[in-house]
Structures are given as C-alpha cells and as structure tokens.
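For reference, the chains in residue letters:
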Amino acid sequence: MKNFVTIAAAAFLFAGISSSALAGSCPEDLPRTLGYWKTHSEMWPVSYVVVGNNQLGMDYIIENIAPLEASPQGDAVVILLHQLIPAKLNIAGGVNGAPVQSYIDDADALIAQYWIGDYVDKDTREEMVELAERLDEFNNGAYCELPVELTAFEATADGTLVS
C-alpha cells in the first residue's frame with residue numbers, strides 16, 4: 001500500500017498540485033476543540049455559526065449547547081454539534097476545511113432534519129456518531145499533517161517518474 005500512496009503523491013506533485021491540496025494546513029494554535037472555544041469566547045473568529053438551518057450565536061452555544069452531556073450513549077445530535085461547531089470555528093479561524101468539507105456538509109444536512117431531543121433511528125445515530133468522530137479528528141489536528149512522506153520526482157521523456 002505504501003508504494004501506491006507514494007506513487008499517488010508523486011503524481012500529484014508531478015501534476016503541479018501542492019502538498020496543501022493533499023492535507024489540511026493549520027495556522028499556529030489551531031485547530032481547537034469545543035472545550036477551548038467555550039472558555040475563550042474572545043478568540044472566536046465569528047460571532048455566530050450556522051449549523052443545519054440554524055444560526056447560533058456565541059452566547060447561545062456557550063450557554064445552551066456546550067454544557068450538554070455528549071457521552072457516547074447520549075443524544076447523537078449533541079454529540080455531532082459538539083464537533084461540528086468547533087470545526088466551523090476552526091475553519092473560520094483559518095484552518096483548511098477542504099479535507100472534511102463532505103463531513104461538514106453531511107452533518108449540516110442531518111442537523112437540518114434533527115435537533116436536540118429528537119428521536120433518531122439507529123442508522124442515522126450511527127452516521128451522526130461517525131461524522132462526529134471524523135470532525136473530532138479534524139478538531140484535534142489530525143488533518144494538519146501530510147499523511148505520507150513526499151519525494152521529489154522528475155519525469156523522463158517517456159513520462160516515467162524517477163526519484
């Protein structure tokens with residue numbers, strides 16, 4: 001598998017795509033989790049966040065959503081909101097959200113259909129928890145590092161890549 005990844009990375013470089021297209025780039029001190037954002041409101045890059053169809057202000061999030069229990073057996077909407085909100089704050093603060101944009105879009109679509117306390121069927125709950133796990137990885141910096149070591153390649157006249 002490593003050879004495939006290395007070749008794929010080389011192909012991106014050969015095609016002129018920068019390494020930042022392959023992984024997120026993160027400003028210093030970002031990304032952050034909800035625990036940080038709820039206690040450092042002065043650092044918020046925006047005054048509200050749109051989740052699903054809802055525009056939530058900073059005070060509302062800090063007072064009404066952040067304190068809710070987000071245990072693995074708890075409300076799947078809360079679990080997802082606890083990761084979606086900081087992901088959006090991190091992106092607003094300058095973190096490259098491209099690697100997780102599809103997760104964010106899927107999470108927003110679910111939050112548009114369900115809210116805290118709503119009944120969520122088993123399959124939807126599993127989807128929400130899975131999306132929350134991916135966004136948690138993003139919020140903890142997992143997408144800030146390039147996952148493969150890139151090697152400079154050069155193309156020969158016949159198009160073969162040589163290191």
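Residues numbered from 1 in each chain as written. Predicted model: local features only at pLDDT ≥ 70, side-chain atom pairs only at ≥ 80, totals over all residues. Heavy atoms only, no water.

**Q** Please give an account of the state of the cysteines that cites residues and values.
**A** Applying the stated rule across the entire model yields one disulfide. Across the disulfide from Cys26 sits Cys144; the S-S distance is 1.7 Å. Because the torsion about its S-S bond is -80°, the bridge between Cys26 and Cys144 counts as left-handed. On the criterion of sequence distance, the pair formed by Cys26 in the loop between helix H1 (2–14) and helix H2 (34–39) and Cys144 in the loop between helix H6 (122–139) and strand E3 (154–155) is long-range, its members being 118 residues apart. Judged by its relative accessible area of 26%, Cys26 falls in the partly exposed class. (Disulfide = S-S within 2.5 Å. Helix = DSSP H or I, 4+ residues; strand = E, 2+ residues; numbered from the N terminus. Buried < 20%, exposed > 50% of the residue type's maximum accessible area, 1.4 Å probe, protein only.)

**Q** An account of the side chain of Asp108 is needed here, citing residue identities and associated values.
**A** Here Asp108 lies in helix H5 (residues 101–113). The class for Asp108 is buried, based on a relative accessible area of 15%. Separated by 2.7 Å, the side chains of Asp108 and Lys88 make a polar contact. (Polar contact = N/O pair within 3.5 Å; in protein donor to acceptor, adjacent residues only side chain to side chain.)

**Q** Give me the pairing of strand E1 (residues 48–51): which residues, what numbers.
**A** Across a regular strand the side chains alternate sides, sitting on one face of the sheet and then on the other. The alternating pattern of E1 places Val49 and Val51 on a buried face, while none of Tyr48 and Val50, on the opposite face, is buried. With four bridges joining them, E1 and strand E2 (residues 54–57) adopt antiparallel strand pairing. Note that in E2 the partner of Val49 across the bridge is Leu56. Where E1 folds back onto E2 in an antiparallel hairpin, the turn is made up of two residues, including Gly52, whose phi is positive at roughly 60°. (Pairing = 2+ DSSP bridges.)

**Q** I'd like a description of the confidence of the model for the protein chain, backed by residues and values.
**A** Parts of the prediction with low pLDDT should not have their coordinates interpreted in detail. Looking at the protein chain as a whole, its pLDDT mean stands at 81, while 73% of the residues score no less than 70. Within the protein chain, no element has a lower average pLDDT than H1, which sits at 34, and none a higher one than H5, at 98. Taken together, the stretch residues 1–22 has pLDDT below 50 and engages in 18 contacts with residues farther than four places along the chain or on a different chain. The low-confidence segment residues 146–151 (pLDDT under 50) makes 12 contacts with residues lying over four places distant or belonging to another chain. (pLDDT = per-residue confidence, 0-100. Contact = heavy atoms within 4.5 Å.)

**Q** Explain the environment of Trp37 to me, and be specific about the residues and the numbers.
**A** One can find Trp37 in helix H2. Relative accessible area serves as the criterion here: at 3%, Trp37 is assigned to the buried category. Considered as a pair, Trp37 and Ile61 are 24 residues apart in the sequence and their alpha carbons are 9.9 Å apart. The contacts of Trp37, once residues within four sequence positions are left out, are Leu30, Arg32, Met43, Trp44, Pro45, Pro86, Leu89 and Asn90. Engagement of the side chain of Trp37 in a polar contact is seen with the side chain of Asn90, the distance being 3.3 Å.

**Q** Account for the packing of helix H4 (residues 76–92) against H5, with residues named and values stated.
**A** H5 packs onto H4 with a crossing angle of 130° between their chain directions and a minimal axis gap of 11 Å. Regarding the angle of H4 to H5, the classification is oblique. In this structure, H4 meets H5 at a crossing whose hand is left-handed. Here Val77, Leu80, Leu81, Leu84, Ala87, Lys88 and Ile91 of H4 lie close against H5, whose contacting residues are Ile104, Ala107, Asp108, Leu110 and Ile111. Across the contact of H4 with H5, the residue classes break down as 10 nonpolar, no polar and two charged. (Axes fitted to C-alpha atoms, helices over the stretch in contact; angles between N-to-C directions. Parallel < 35°, antiparallel > 145°, perpendicular 65-115°, else oblique. Left-handed = near helix turned anticlockwise from the far one by under 90°. Nonpolar A, V, L, I, M, F, W, Y, C, P; charged D, E, K, R; others polar.)

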